[in-house]
Amino acid sequence: MSAGRGCERCGGALDAGGRCPSCEPSRSETVMVPVQPAPGARAGSAVAAGDDLGRVPLPEGWEISLDVTDGPAKGQTFRIVRSRVLIGRGQVEVLVDDPRISRKHASLEVYGAACVLLKDLGSTNGTFVNGRRVTACELQDADEIRIGNTVFNVTIGTPP
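Residues numbered from 1 in each chain as written. Predicted model: local features only at pLDDT ≥ 70, side-chain atom pairs only at ≥ 80, totals over all residues. Heavy atoms only, no water.

Visitor: Whenever I open this one, the side chain of Asp120 confuses me. Can you help?
Guide: As for its placement among the helices and strands, Asp120 is situated in strand E7 (residues 115-120). On the basis of relative accessible area, Asp120 is assigned to the buried category, the value being 5%. Only 2.8 Å separates the side chain of Asp120 from the backbone nitrogen of Gly122, close enough to count as a polar contact. Polar contacts involving the side chain of Asp120 include one to the side chain of Ser123, which spans 2.6 Å. (Helix = DSSP H or I, 4+ residues; strand = E, 2+ residues; numbered from the N terminus. Buried < 20%, exposed > 50% of the residue type's maximum accessible area, 1.4 Å probe, protein only. Polar contact = N/O pair within 3.5 Å; in protein donor to acceptor, adjacent residues only side chain to side chain.)

Here it is as structure tokens:
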């Protein structure tokens with residue numbers, strides 16, 4: 001891959017070594033991923049992937065779960081089985097009864113065999129990963145997500 005081309009996975013700019021800083025981070029850091037808002041979207045909001053991704057099962061051998069460690073749903077575990085799920089208190093796959101969460105608050109999207117992306121969908125109260133407010137963020141195993149009064153611990157198991 002040449003430093004003059006964009007990343008094949010996310011389209012982002014490559015560094016001088018031809019690596020994508022967004023897609024090839026060290027395992028210990030959370031990476032902010034730039035996202036272009038859709039026409040009419042509020043500044044700082046991201047857009048969920050199309051409905052087709054929501055029908056795609058996770059890559060073989062992947063196991064992703066969101067364990068609620070604080071908030072109204074404390075003790076619940078949500079197993080992610082599709083490549084895109086919506087998180088919120090409306091018609092979503094990860095349904096949490098928390099009044100500070102928007103109806104469609106965030107999306108969790110899996111791309112290929114290496115990228116789990118969390119996107120805020122223009123929520124009123126924001127989405128936080130490891131204490132930082134994010135618009136979109138690549139998740140790592142053991143990251144902490146806070147939306148409203150609900151805190152999730154992310155578990156990402158990938159095949160060896």
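Visitor: For this particular structure, what's the right way to read the pattern of salt bridges?
Guide: Pairing is possible between side chains of opposite charge, provided their charged atoms come close. With the rule as written, the count across this model stands at one salt bridge. The salt bridge partner of Glu109 is Lys119, with a shortest N-O separation of 3.1 Å. Note that Glu109 is positioned in strand E6 (residues 106-111) and Lys119 in strand E7, a separation of ten residues in sequence. Side by side, Glu109 and Lys119 carry an identical accessibility label, which is buried. (Salt bridge = Lys/Arg side-chain N within 4 Å of Asp/Glu carboxyl O.)

Visitor: Help me out: how do you make sense of the pairing of strand E4 (residues 84-88) in this one?
Guide: Each regular strand carries side chains that alternate between the two faces of the sheet. With five of its five residues buried, E4 lies for the most part within the structure. Residues Arg84, Leu86 and Gly88 line one face of E4 and the alternating positions Val85 and Ile87 line the opposite face, and both faces are buried. Pairing analysis gives four bridges linking E4 to E6, with the strands arranged antiparallel. Residue pairing in the sheet places Ile87 in a bridge with Ala106 of E6. Pairing between E4 and strand E5 (residues 94-95): two bridges, direction parallel. Pairing of Ile87 across the sheet is with Val94, part of E5. (Pairing = 2+ DSSP bridges.)

Visitor: Sorry, what's going on with the sheet that holds strand E12 (residues 150-157) here?
Guide: The strand order E3-E2-E12-E11-E8-E9 describes an open sheet built from six strands, whose pairing is antiparallel. Strand pairing shows two members of the sheet lacking a second neighbour, strand E3 (77-80) and strand E9 (132-134), which therefore form its edges. Each adjacent strand pair in this sheet contributes to an overall mean axis angle of 30°, direction not counted. With three bridges joining them, strand E8 (residues 127-129) and strand E11 (residues 144-147) adopt antiparallel strand pairing. (Axes fitted to C-alpha atoms, helices over the stretch in contact; angles between N-to-C directions.)

Visitor: Any chance you could explain the nonpolar core here in plain terms?
Guide: Most often, soluble globular proteins have nonpolar side chains that are buried together. In terms of nonpolar packing, the biggest core is built from 27 residues, with Leu66, Val94, Leu139, Ile145 and Phe152 touching the most fellow members. Residue assignment for this core shows that the elements contributing at least two residues are strand E2 (63-70), E3, E4, E6, E7, E11 and E12. Once you skip the residues sitting within four places of it in the chain, Leu66 turns out to touch Gln76, Thr77, Phe78, Ile80, Ile87, Val94, Leu108, Ile145, Phe152, Asn153 and Val154. (Core = buried A, V, L, I, M, F, W, Y, C linked by side-chain atoms within 4.5 Å. Contact = heavy atoms within 4.5 Å.)

Visitor: What is the right way to read the environment of Ala142 from this model?
Guide: Looking at where Ala142 falls in the secondary structure, it is placed in the loop between strand E10 (136-138) and E11. A sequence separation of 14 residues divides Ala142 from Ile156, and the C-alpha atoms of the two residues are 7.6 Å apart. Those residues in contact with Ala142 that sit more than four places away from it in its chain are Asn153 and Val154.

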